[in-house]
Amino acid sequence: MQQIINFIIRNKNFLLFLLLFGISLFFTIQSHSYHKSKFINSANFLTGGVYNSVSNINGYFNLKSQNEILAEENNHLKNLLYNSNTKADSVFIDTLDTQDIYKFRTANIIRNNYSSTDNMLLINKGSKDSIHEDFGVISSKGIIGVVNKTSRNYATVISVLNTTIKISAQLKKTNHYGSLTWNGKNPAFAQLIDIQKIAPVKKGDTIVTTGMSSIFPKGIPVGVVDNFKLDAAENFYEINVKLFNDMTNIEYVYIIENTDKEEINNLISGRGNE
């Protein structure tokens, strides 16, 4: 305390000058509207810059939580979109039946292989999250793969970049369908085979899922036609499809559950109830 008093005594002239200068500056600003407006604008500029910097810093550290919020919102929208498409395609709609056929859950990819011929992914959701074998996996851009095996907290996914997988896909504009496969070469492209040569294929045409399997609903984006040719027998097209997803750079995914899958599979296998 004594040091503070000594400091004030030693610098009393300078401190008095600052006090008088501040008072005069205050009265000058208050008595002149031009000076007052300039002062306010300068203050707003400085405080605005500070708040903007703080906001940017906070936004950076909140990116993870914001991405999770957006993923949940997208998940809700996908539930509405694909279930409404399914109901719209139905010939008869029971107004008392409000059960959604497809359920969507969010997940993160924690491991991604894309450099071999049998590529797999690992996601951070498992059996405790009601994830099971043969559930479809997509991103906000399109198809990713199919759940292969699950543990309590994790699941492996067969990537579309896997030479053993086949997914039913079609030309969006004409509904001509075939099988989406991968030839093990370029991770940016997959191949759509068994498209009849009568189909009016053009470069740039959009490819989507058919909805004919119990895994993916109809209309999930796949990619666009990059080039095509007839097979050796010249009966079917072999189409090179540029994937919408960059399979080397994916993080957030959606897992699709078809709640009617067991009933459909039982019916197909002949075990359905009449």
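1. Some thoughts on the pairing of strand S1 (residues 102–112)
Each regular strand displays side chains that alternate between the two surfaces of the sheet. Bridge analysis of S1 against strand S12 (residues 252–258) gives seven bridges, and the strand direction is antiparallel. Note on S12: the bridge partner recorded for arginine 105 is isoleucine 255. Count of turn residues in the S1/strand S2 (residues 118–123) antiparallel hairpin: five residues.

2. Comments concerning the sheet that holds strand S7 (residues 177–181)
Read once around its circumference, the closed barrel built from six strands follows the order S6-S7-S8-S11-S10-S9, with strand pairing classed as antiparallel. Direction aside, neighbouring strands of the sheet carry axes that sit 40° apart on average. Where S7 and strand S8 (residues 189–196) come together, three bridges link them in antiparallel fashion. In the strand pairing of S8, threonine 181 is matched with glutamine 191.

3. Some points on the confidence of the model for the protein
Summary statistics for the protein give a mean pLDDT of 79 and a share of 70% for residues scoring 70 or more. Across residues 43–52, where pLDDT falls below 50, the model places zero contacts with residues more than four positions away in sequence or in other chains.

4. Focus: the environment of valine 160
By secondary structure assignment, the location of valine 160 is in strand S5 (residues 155–162). Its relative accessible area of 4% is what places valine 160 among the buried residues. For valine 160 and alanine 190, which are 30 residues apart along the polypeptide, the C-alpha to C-alpha distance reads 7.7 Å. For valine 160, the contacting residues outside a window of four places in its chain are Ile143, Ile144, Gly145, Ile165, Ile167, Trp182, Leu243 and Met247.

5. A few points about the sheet that holds S5
As summarised here, the arrangement of the six strands in space is S1-S2-S5-S4-S3-S12, forming a closed barrel in which the pairing is antiparallel. On average, each strand axis in the sheet is tilted by 45° relative to the strand beside it, whichever way the strands run. Bridging between strand S3 (residues 136–138) and strand S4 (residues 143–150) involves three bridges; their strand directions are antiparallel. From the neighbouring strand, glycine 136 faces S4, where its bridge partner is valine 146.

6. Digging into the packing of aromatic side chains
Two aromatic rings, taken as a pair, are described by how far apart their centres are and by the angle between their planes. Per the stated rule, a full pass over the model turns up one aromatic pair. Arranged with centres 5.4 Å apart and planes meeting at 85°, the rings of phenylalanine 228 and tyrosine 237 form a pair that is edge-to-face. Classification of phenylalanine 228 as partly exposed rests on a relative accessible area of 33%.

Reading the values: the criteria
- Residues numbered from 1 in each chain as written.
- Predicted model: local features only at pLDDT ≥ 70, side-chain atom pairs only at ≥ 80, totals over all residues.
- Heavy atoms only, no water.
- Pairing = 2+ DSSP bridges.
- Helix = DSSP H or I, 4+ residues; strand = E, 2+ residues; numbered from the N terminus.
- Axes fitted to C-alpha atoms, helices over the stretch in contact; angles between N-to-C directions.
- pLDDT = per-residue confidence, 0-100.
- Contact = heavy atoms within 4.5 Å.
- Buried < 20%, exposed > 50% of the residue type's maximum accessible area, 1.4 Å probe, protein only.
- Phe/Tyr/Trp six-rings, centres within 6.5 Å; stacked < 30°, edge-to-face > 60°.

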